[in-house]
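# Report on the structure
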Amino acid sequence: MAVHVDLGERSYDVHFRSLDTLPALLEDTDLRTGRCLLVTDENVAAHYRTPLTTTLEQAGWTVKPVVLPAGEATKSAEHLHTLYDEALSWGIDRQTPVFALGGGVVGDLAGFAAATLLRGVPLVQLPTSTLAQVDASVGGKTAINHETGKNLIGAFYQPRLVCADPATLDTLPIDEYTGGLAEAVKHAIIGDVDLFEFLEEHRTSVLARKDRDAIASAIEQAVQVKADVVSADEREEGRRAILNFGHTFGHAIEKVAGYGTFSHGEAVAIGMRAGLYLSHRRHPDTIPRDRIDSLLRALPVEEDPSSLSFDSIYAAMDSDKKNQGDTIRFVLLDRLGHAYVSSDVSESEARQAWRFAIAA
Ligand code: GLY
C-alpha cells in the first residue's frame, strides 16, 4: 500500500507498513546506508526507539538518537538549536538523513532542521500519530513556533519517503487518536465522497480504534486526497488552501480558549460545522447538511465551546487575516467532496455559523 506525491524530481511515496520494513524502503529510495539522525520525543521513544534502532543497526545504519520533550513547546528555536548542536557536533554530511519519528511536533521541528542543516539533508517522515499520518507528514510543511504565533518560521521541504506504521496508533492516548481523525473526515468532506461513505459506514469501529484494517484504509484514502492537492499546488498558491476547511474558526477557537484547551482536532471539528453551515446556506441543493453534520458530531469534543464568545472568536479570525491578506478567508463546499475558498462571508453570517457550530 502506498500513495504517490507527484512533484517532479521531488516526488515521493507514502507507505503504510511496519517500521520493521524501513531498511528495505530506504534502500529502494536510494538513501545511502551510513549515519542517520533519529529525532523523536520522550513518549514515542519509550515505545519505538529501541526496536527501530535495532532494526536500522541490523541493516548497517549507525543511529544517533535525539530525544526531545513531548509537547507543542518543543517546536521552539531553543529545541531546534539543541537539534542543530547534536547533529553538527556528532558530524553529519549532506547525505546524512534525518528520521522524524513521532507526531506533528517532531515532524515539523525535525523537518525544519533537515531543511536547514547544511542547506538541506534528506528527510524521512515516520509519523506515529493519527494527525501526522493523515496530514502533517505529507506535503512538506515544516516549521517552529514564534512567540507571536504558531508555525511562523519554517520552510516547504518535502521528505524523501514517508512510512506510516498503522500499529503505532495503538499506543496513542485515545483522545489524541480520535483528534487526528478530524483531519481524515476533513479530507473526505473536501475531496472524496467514497471516503466519506466509508467513514459513515465504519464510524463506530474506527472511532473506537477497534478495526485496524478499516483505520488503515481510511488513513490511506485520506492521504490520497492530500497527496492530490499537494501535487497540484505544493506551495499553497491556490488549491492547497482547501485543506484549511474548518481551520478559520478552528485556529480562532484554539487561540481564544488558550492553546491546549481544545486539541487541534477538536477545534477543527467545531470549525467544520461552521463551514458546513455557511456552505449549506449557499448551496442548499447540493450539500447534505444533516448527513455531514452527523459525521462531524460523531467526533468527540470534550470541552463545551459555547462559553467562548463569538466576538472574541471573530476578533481572532480578523487578526489572523494579517497572515493571509485583507479579508477573512473561509473554505466552503459547493457539494460534498468539493471545496473552494471564499472571502465573501459577512460578520453576521459568521455569527450564525458559530451558533450552529456550538449548538448542542
Ligand atoms: N495541513 C494543511 C497543509 O498541509 O496544507
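The structure under discussion appears in the preceding block.
An account of the accompanying structure is given in this report. Only a predicted model underlies this, so the values are computations on that prediction, with no experimental measurement involved.

## A few points about the sheet that holds strand 1 (residues 2-5)
Either a parallel or an antiparallel arrangement is found when strands of a sheet pair, and the pairing is made through backbone hydrogen bonds. Strand order across the open sheet formed by seven strands is 1-2-9-6-5-3-4, with mixed pairing between neighbours. Of all strands in the sheet, those bounded by a partner on one side alone are strand 1 and strand 4 (62-68). With strand direction ignored, the average angle separating the axes of adjacent strands in the sheet is 15°. In this sheet, strand 9 (residues 161-163) lies alongside strand 6 (residues 123-127) in parallel orientation, the contact comprising two bridges. Its bridge partner being in strand 9, glutamine 125 is matched across the sheet by valine 162.

## A closer look at the side chain of lysine 186
You can see lysine 186 is positioned in helix 6 (residues 174-191). A polar contact of 2.7 Å, which involves the side chain of lysine 186, links it to the side chain of glutamate 183. Setting aside residues no more than four positions away along its own chain, lysine 186 makes contact with Asp135, Leu243, Phe245, His247 and Met272.

## Structural notes on unusual backbone geometry
Here the phi dihedral of aspartate 30 falls at roughly 65°; this positive angle occurs in a residue that is not glycine. Its location among the elements puts aspartate 30 in the loop between helix 1 (22-28) and strand 3 (35-41). One non-glycine residue, leucine 118, lies in the positive phi region at around 50°. Within the secondary structure layout, leucine 118 lies in the loop between helix 4 (104-116) and strand 6.

Rules and cut-offs
- Residues numbered from 1 in each chain as written.
- Predicted model: local features only at pLDDT ≥ 70, side-chain atom pairs only at ≥ 80, totals over all residues.
- Heavy atoms only, no water.
- Pairing = 2+ DSSP bridges.
- Helix = DSSP H or I, 4+ residues; strand = E, 2+ residues; numbered from the N terminus.
- Axes fitted to C-alpha atoms, helices over the stretch in contact; angles between N-to-C directions.
- Polar contact = N/O pair within 3.5 Å; in protein donor to acceptor, adjacent residues only side chain to side chain.
- Contact = heavy atoms within 4.5 Å.

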